[in-house]
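What the coordinates show
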Amino acid sequence: VRTAAVIPAAGRGVRLGPGAPKALRTLGGTPMLIHAVRALAASRSVSLVVVVAPPDGAAEVKSLLDAHALPDRTDFVVVPGGETRQESVKLGLDALPPGHDIVLVHDAARPLVPVDTVDAVIEAVREGAPAVVPGLPLADTVKEVEPAAVPGGPEPVVATPERARLRAVQTPQGFDRATLLRAHETVTDEVTDDAGMVERLGLTVVVVPGHEEAFKVTRPLDLVLAEAVLARRRL
Ligand code: CTP
Ligand code: MG
């Protein structure tokens, strides 16, 4: 079964602070996006990678892909992204040629995902799940709150979900292609992940074990962690 990967990389990275778009910032001297592309292309099942570039950065992303060694067996396509992650993923899906039955969606901001996690997601889709997400148990207890009366003030807690049943979900998320396309065509609510759109269709999404190194680079401290993980890998 041929697998394609869409990598949304069009975000600015506001929470990381001022600088280049997040996907183009470097880790160990190499742009985060290149790490993410390599992580997905490392899977032997992945024959196509669609990179969704910052809206004005498609040419720059193309030349980055040309400048870095990537597997020959994989094809690469670059398209410009949109205002939201959801729009960017849709633009990536629109660029998919026919012939791939499984589609992965992977954040460029998760540059260090191990190939075993990628393969585990693909395997679960192959075995028949329409949507698969890697997830990990939470270390912190989670509270649901109501908005504070004044901004920055105390927030009343309304519920404490049972922690053992919660999972923090990562990417790549894997889908039966037709299911993901239908979700992106029919679901208009704002969601924070692609699997959430498939849930809106009434289908069951399954969680497989994620990996600590698939964490998302979101805030400055995450860059420190990512550099440390890379340095440890290079030992
Ligand atoms: N993304 C995208 N298009 C957007 C917004 C986000 O392709 N309009 C991508 C990001 O490039 C990232 C992934 O979606 O790889 C996950 O989003 P996030 O971590 O929130 O990245 P940013 O939106 O760039 O960061 P921030 O929210 O801090 O601005
Ligand atoms: Mg964002």
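Residues numbered from 1 in each chain as written. Chains lettered and ligands numbered in written order. Predicted model: local features only at pLDDT ≥ 70, side-chain atom pairs only at ≥ 80, totals over all residues.

Naming follows an unreviewed UniProt entry, where the protein chain appears as 2-C-methyl-D-erythritol 4-phosphate cytidylyltransferase of Streptomyces bobili. Here is the UniProt Sequence similarities (unreviewed entry) comment for the protein chain, exactly as written: "Belongs to the IspD/TarI cytidylyltransferase family. IspD subfamily." (UniProt positions renumbered as here; feature names shortened; annotations may be inferred.)

**Brief notes about the site of ligand 1**
Near ligand 1 lie 22 residues; those nearest to it are Pro 8, Ala 10, Gly 11, Arg 15 and Ser 88. Across the shell around ligand 1, the residue classes tally to 8 nonpolar, 7 polar and 7 charged. (Near = placed C-beta within 6 Å. Nonpolar A, V, L, I, M, F, W, Y, C, P; charged D, E, K, R; others polar.)

**Considering the pairing of strand β4 (residues 46-53)**
A large share of β4 lies buried, amounting to 7 of its 8 residues. The pairing of strand β1 (residues 3-8) with β4 spans 6 bridges and is parallel. Looking at the pairing, Ala 4 lines up with Leu 48 of β4. With 6 bridges connecting them, β4 and strand β5 (residues 75-80) associate as parallel partners. Pairing of Leu 48 across the sheet is with Asp 75, part of β5. Assessed by its sense of winding, the connection that carries the chain from β4 through helix α2 (residues 58-67) to β5 is right-handed. (Buried ≥ 20, exposed ≤ 12 C-beta atoms within 10 Å, placed from the backbone. Helix = DSSP H or I, 4+ residues; strand = E, 2+ residues; numbered from the N terminus. Pairing = 2+ DSSP bridges. Right-handed = clockwise from strand over helix to strand, strands pointing away.)

**Re the nonpolar core**
Core analysis: the biggest nonpolar cluster contains 56 residues, and Val 6, Ile 7, Leu 33, Leu 40, Val 49 and Val 51 have the highest contact counts within it. Broken down by element, this core gets its largest block of residues, 8 residues, from helix α1 (residues 32-41). Beyond its immediate sequence surroundings of up to four residues, Val 51 is in contact with Ile 7, Ala 9, Leu 33, Val 37, Val 61, Phe 76 and Val 78. (Core = buried A, V, L, I, M, F, W, Y, C linked by C-beta atoms within 7 Å. Contact = placed C-beta atoms within 7 Å.)

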